[in-house]
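Each chain, letter by letter, is given below.
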Amino acid sequence: MGFPVVPQPLKYWLLDHPSIVWFRWSPTQSWGSTWPFLITSITAYITTALTLHVILKIFRRRRPVPLGPIPAIHSLAMSLISVTIFTGMLFSAGAEIRDTRWLWRRTRTTPIEWFLCFPLGIRPSGRVFFWSYVFYLSRFLHLLRTFFIILRHRKLSFFRLFNHSILLLMSFLWLEFSQSFQVLGILFSTLVYSVVYGYRFWTEIGLPSKSFTFTVNCQMVLLGCNLVCHFGVLSLHFLRGGCNGIGAWVFNSVLNAAILMLFLKSYVNMYCQRKNTSVAHHSSFDGVEDLSKQGNLIAKLKT
């Protein structure tokens with residue numbers, strides 16, 4: 001598997017910076033790496049979102065709260081951060097494959113197998129886990145979109161709260177248990193997020209949008225890729241003698257299945273609503289045509 005050559009000016013900042021090379025996931029060296037911090041953060045997120053939603057309901061505010069350029073700046077920042085994480089993770093994976101190729105020849109491990117199944121005993125340190133840590137931190141910035149939607153549209157769904165909380169939890173588990181599959185998971189996610197948030201920035205600044213379902217379809221592609229890769233992890237776990245962090249992977253798989261079911265339910269409901277709206281539009285148009293025909297017939301009878 002070939003990887004693109006890293007331009008020299010970027011190599012230091014993406015691969016060779018001491019903070020990247022000597023990164024280690026630990027409570028003393030990594031901010032936000034403890035279970036109490038994670039639980040407190042998720043609880044505070046859900047509580048704040050519910051409180052804000054209730055306050056707007058109590059005061060019966062119908063107009064959206066003006067946010068100015070904040071949502072556009074947030075979308076642009078998330079898109080650029082996602083591109084940076086994708087690039088850093090891709091090049092870091094290439095460097096990891098290059099540096100450990102001698103060991104893989106002994107164990108007959110291919111790059112694809114390493115992407116899906118970490119060897120047993122791997123520690124959360126080094127380049128790959130640094131970018132996994134950056135991805136984990138970016139999930140906190142991702143939570144802000146919930147509050148934008150509440151302030152603008154006064155809408156708060158269980159699926160949004162559940163989805164964002166689970167994504168934060170899963171990114172934490174990737175680091176805590178050195179879980180397999182996280183490299184591909186981060187590459188898929190950041191690639192999709194860079195496109196989705198770029199599209200949202202495009203619409204936020206007033207440029208024409210093609211369809212609201214664009215972001216929904218991108219997320220469907222992401223869930224589909226994750227589902228296929230999960231089968232690969234499971235097969236390699238039994239064929240190769242075990243994958244690191246398989247317990248956390250099983251837990252994540254259950255959460256991913258729950259997210260997929262909720263997302264499919266929302267997707268089907270949205271599709272049915274659009275179909276019913278289209279049918280109602282055509283029915284009303286046919287009704288107008290029928291009234292017009294009846295009016296012409298009455299006019300002819302009178303003459």
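Residues numbered from 1 in each chain as written. Predicted model: local features only at pLDDT ≥ 70, side-chain atom pairs only at ≥ 80, totals over all residues. Heavy atoms only, no water.

## A short note on the environment of Phe188
Line of reasoning, step 1. Mapped onto the elements, Phe188 comes out in helix H10 (residues 182-204).
Line of reasoning, step 2. On the basis of relative accessible area, Phe188 is assigned to the partly exposed category, the value being 24%.
Line of reasoning, step 3. Along the backbone, Phe188 and Phe86 are 102 residues apart, and their C-alpha atoms lie at a distance of 8.4 Å.
Line of reasoning, step 4. When near neighbours in sequence (up to four residues on either side) are disregarded, Phe188 contacts Leu222, Cys225, Asn226 and Cys229. (Helix = DSSP H or I, 4+ residues; strand = E, 2+ residues; numbered from the N terminus. Buried < 20%, exposed > 50% of the residue type's maximum accessible area, 1.4 Å probe, protein only. Contact = heavy atoms within 4.5 Å.)

## Topic: the confidence of the model for the protein
Line of reasoning, step 1. In the predicted model, the protein carries a mean pLDDT of 81, and 82% of its residues have values of at least 70.
Line of reasoning, step 2. Looking at the elements of the protein, mean pLDDT is at its lowest for helix H12 (residues 246-302), recorded as 62, and at its highest for helix H7 (residues 127-142), recorded as 96.
Line of reasoning, step 3. Counting contacts from residues 280-303, a segment whose pLDDT is below 50, to residues more than four positions away or on other chains yields 0 contacts. (pLDDT = per-residue confidence, 0-100.)

## A word on the packing of aromatic side chains
Line of reasoning, step 1. For the structure shown, the criterion picks out 21 aromatic pairs.
Line of reasoning, step 2. Taking 4.7 Å as the distance between ring centres and 70° as the angle between the ring planes, the aromatic pair formed by Trp31 and Phe37 counts as edge-to-face.
Line of reasoning, step 3. According to the relative accessible area criterion, Phe37 is partly exposed, its value standing at 24%.
Line of reasoning, step 4. For the cation-ring pair, Arg139 lies above Phe135, with the distance from its terminal atom to the ring centre recorded as 4.6 Å.
Line of reasoning, step 5. Directly above the ring of Tyr197 sits Arg200, whose terminal nitrogen or CZ lies 5.0 Å from the centroid. (Phe/Tyr/Trp six-rings, centres within 6.5 Å; stacked < 30°, edge-to-face > 60°. Lys NZ or Arg CZ within 6 Å of the ring centre and 35° of its normal.)

## Regarding the packing of helix H3 (residues 35-58) against helix H9 (residues 158-176)
Line of reasoning, step 1. Packing of H3 against H9 leaves a shortest axis separation of 11 Å and a crossing angle of 170°. Between H3 and H9, the interaxial angle falls into the category roughly antiparallel. In this structure, H3 contributes Trp35, Leu38, Ile42, Tyr45, Ile46, Ala49 and Leu50 to the contact, and H9 contributes Arg160, Leu161, His164, Ser165, Leu168, Leu169, Phe172, Leu173 and Glu176.
Line of reasoning, step 2. The residue makeup of the contact of H3 with H9, split by class, is 12 nonpolar, 2 polar and 2 charged. (Axes fitted to C-alpha atoms, helices over the stretch in contact; angles between N-to-C directions. Parallel < 35°, antiparallel > 145°, perpendicular 65-115°, else oblique. Nonpolar A, V, L, I, M, F, W, Y, C, P; charged D, E, K, R; others polar.)

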